[in-house]
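# Reading the structure
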Amino acid sequence: MTPDTAVFSPAQRVRAIHVSEILRITDQANALKRAGRPVIVLGAGEPDFDTPHNIREAAMRAIEKGDTRYTVLDGSPAMKAAVQLKFRRDNALDFALDEISVSAGAKQVIFNALMASLDPGDEVILPAPYWTSYADIVQICGGVPVPVACSEENGFRLTAAQLEAAITPRTRWLFLNSPSNPSGAAYSAAQLQPLCDVLLRHPQVWVLADDIYEHILYDGLAFATPVAIEPRLRERTLTVNGVSKAYAMTGWRLGYGAGPRALIAAMAVVQSQSTSCPSSITQAAAIEALTGPQEIVAERCADFQARRDFVVAALNRMPGLHCRVPEGAFYTFASCAGVLGKRTRGGALLQTDSDFCRYLLQDFEVAVVPGSVFGLAPYFRISYATSMAQLEEACTRIAAACEALE
Ligand SMILES: Cc1ncc(COP(=O)(O)O)c(C=O)c1O
């Protein structure tokens, strides 16, 4: 074997892709922890409570009764019926079973949809700040991410004028994620309508509505999703959701999408040649999550709201930081513009949000994620899906970090 052939060379399609920066920061924080440093990690995008008992028991029953074989490739009929019921109950949307696709996580639903629909050079509009994986998945699938910076003044929401300006003949998809990771911003029906009006004028643009944080919405706000408020978009919208966030099931891996039959069928082809089907045991658990008692969802949401209120108030007292009140999800997205240009006690100049986050981790042992990772600087994201005690300690440290700047 020549040295050339022995050297691994990644395929062109993955050269621009990175392992998520969030995972990198989390790994770094965990390495510091292993070295004995008392690091608080506010990076993870997952609830800190356990999967409810009734859901775990449904999985155990499935194992005991031998529900351990391949299922229909994009979800068993019972699983799809549970998704159908969820859309009727929560969103007043009616989907036939062949308009529903079930995968190993919402992430795989998104991946399947783009793999099934993007040709090289097709554009995908990503209102920024956006979940980092969107841009990477678009690129793996040969598309071109088109980030559009959404200002804090407009609540980190895309405006109709921005959408109109971003659409080109190559635009294939618009991604909407409400409530949003990382900003926590949510769109009301009235705020979505002007975007829908623009989309009605551009029939080549499809909509991917990522509703994964649907049930983590505060202050009594009503959840809105594009198809429910503009039925004329139904023939070109994929509504994505999953059990990871609402039922604390991140490790089980189950997400679903509902949309036009032709797209769902093409996504099934992609899935058939990758993972074959979602886990049969996870499907049993997810059926229980979607059709069993729902009280836990509102209880957890109330817990998250108390944590949001604490973190936002604390951030807004810190010199150089300010934070808009997010409507949902479990993240704050605070501006650190007011600390840039300052120096740490060690003499380092903070020039970017990444510098600020590095300083917080190295000198004050709090791991958070810079806004630049999500396509909008200078901000930083805190995931407050952790205990109140940890949040109090973390906020004390971040406040001390801000006060120590010169
Ligand atoms: C906006 C958004 N969409 C989708 C996902 C993926 O969810 P799942 O665990 O179902 O793949 C996440 C996870 O962090 C997310 O933040």
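Above this note sits the structure.
All values reported here derive from a predicted model rather than from experimental measurement.

## A few points about the overall build of the chain
The secondary structure content of the chain amounts to 14 helices and 13 strands. In terms of overall dimensions, the chain is globule-like: its C-alpha atoms have a radius of gyration of 22 Å, near the 22 Å expected for 406 residues. For the chain, the C-alpha atoms occupy an extent of roughly 65 × 60 × 50 Å along the three principal directions. Carbon and sulfur atoms form 56% of the exposed surface of the chain, whose accessible area is close to 16,900 Å².

## Observations regarding the nonpolar core
Counting residues in each nonpolar core, the largest one holds 69 residues, and the members touching the most others are Trp173, Leu238, Leu321, Phe356 and Phe380. A domain-level breakdown of this core finds at least three residues from each of domain 1 (8-50 + 296-403) and domain 2 (67-291). With residues up to four places along the chain from it excluded, the contact list for Leu321 reads Leu315, Ser335, Cys336, Val339, Phe356, Phe380, Ile398 and Cys402. Among the nonpolar cores identified, the runner-up in size contains 24 residues, and Met79, Phe95, Tyr256 and Ala258 belong to it.

## Remarks on the layout of surface pockets
In this model, the largest pocket occupies a volume close to 810 Å³. Residue assignment for the lining of the largest pocket shows that the elements contributing at least two residues are α2 (21-34), α5 (106-117) and α6 (132-140). The element that contributes the greatest number of residues to the lining of the largest pocket is α6, accounting for six residues. Its residues assigned to classes, the lining of the largest pocket shows 15 nonpolar, 12 polar and seven charged.

## Quick notes on the packing of aromatic side chains
Enumeration according to the criterion identifies 17 aromatic pairs in this entry. Taking the centre distance of 6.5 Å and the plane angle of 45° together, the rings of Phe356 and Tyr359 count as tilted. Of the two residues, Phe356 and Tyr359 are both situated in helix α13 (residues 353-364); the distance of three residues between them amounts to about one turn of the helix. The exposure classification of Phe356 matches that of Tyr359, with both residues buried.

## Here we look at the side chain of Asn177
Note that Asn177 resides in strand β5 (residues 171-177). Take Asn177: its relative accessible area is 11%, and that puts it in the buried class. In terms of polar contacts, Asn177 uses its side chain to reach the backbone carbonyl oxygen of Pro179, at 3.3 Å. Setting aside residues up to four positions removed in sequence, Asn177 forms contacts with Tyr134, Ala185, Asp210 and Tyr213.

## What to know about the sheet that holds β5
The mixed open sheet is built from seven strands, whose spatial order is β2-β8-β7-β6-β5-β3-β4. Sheet topology places β2 (100-103) and β4 (144-149) at the edges, where each strand pairs with a single neighbour. Here the strands of the sheet are splayed against their neighbours by 20° on average, with no regard to which way each runs. Inspection of the sheet shows strand β3 (residues 123-128) paired to β4 by six bridges, in the parallel sense. By the bridge assignment, Leu126 is partnered in β4 with Pro147.

## Examining the pairing of β5
Walk down a regular strand and you will see the side chains alternate between the two sheet faces. Most of β5 is tucked away, with six of its seven residues classed as buried. Sheet topology places β3 next to β5; three bridges connect them, and they run parallel. Each residue of the ladder has a partner; that of Val124, found in β5, is Trp173. In the sheet, β5 pairs with strand β6 (residues 206-210) via five bridges, with the strands oriented parallel. Bridge pairing links Asn177 to Asp210 in β6. The handedness of the β5 to β6 crossover, carried by helix α8 (residues 189-200), is right-handed.

## Some thoughts on empty space enclosed by the protein
Tallied over the entire structure, the rule returns two cavities of 30 Å³ or more. Taken as a whole, the largest cavity encloses approximately 130 Å³ of empty space. Among the elements of the structure, β3 and β5 are those that each provide at least two residues to the lining of the largest cavity. Broken down by class, the residue content of the lining of the largest cavity amounts to 12 nonpolar, four polar and no charged. Lining of the second largest cavity is provided by Leu176, Asn177, Ser178, Leu192, Ala209, Asp211, Ala224, Thr225 and Pro226. By residue class, the composition of the lining of the second largest cavity is five nonpolar, three polar and one charged.

## Details of the sheet that holds strand β10 (residues 331-335)
If you walk across this open sheet you meet the four strands as β9-β10-β13-β12, and the pairing is antiparallel. Among the strands making up the open sheet, the edge pair consists of β9 (322-323) and β12 (369-370). Bridge count for β9 against β10 is two bridges, and the pairing is antiparallel. Looking at the pairing, Cys323 lines up with Ala334 of β10.

About the criteria used
- Residues numbered from 1 in each chain as written.
- Predicted model: local features only at pLDDT ≥ 70, side-chain atom pairs only at ≥ 80, totals over all residues.
- Heavy atoms only, no water.
- Helix = DSSP H or I, 4+ residues; strand = E, 2+ residues; numbered from the N terminus.
- Rg over C-alpha atoms; globule rule 2.2 N^0.38 Å.
- Areas by Shrake-Rupley, 256 points an atom, 1.4 Å probe, with all protein chains shown as cover.
- Core = buried A, V, L, I, M, F, W, Y, C linked by side-chain atoms within 4.5 Å.
- Buried < 20%, exposed > 50% of the residue type's maximum accessible area, 1.4 Å probe, protein only.
- Domains from an automatic or database assignment.
- Contact = heavy atoms within 4.5 Å.
- 1 Å grid on protein atoms, 1.4 Å probe; cavity = no way out; pocket = protein on both sides within 12 Å on 5 of 7 lines; lining within 4 Å.
- Points joined across faces, edges and corners; volume = space filled by probe spheres on them.
- Nonpolar A, V, L, I, M, F, W, Y, C, P; charged D, E, K, R; others polar.
- Phe/Tyr/Trp six-rings, centres within 6.5 Å; stacked < 30°, edge-to-face > 60°.
- Polar contact = N/O pair within 3.5 Å; in protein donor to acceptor, adjacent residues only side chain to side chain.
- Pairing = 2+ DSSP bridges.
- Axes fitted to C-alpha atoms, helices over the stretch in contact; angles between N-to-C directions.
- Right-handed = clockwise from strand over helix to strand, strands pointing away.

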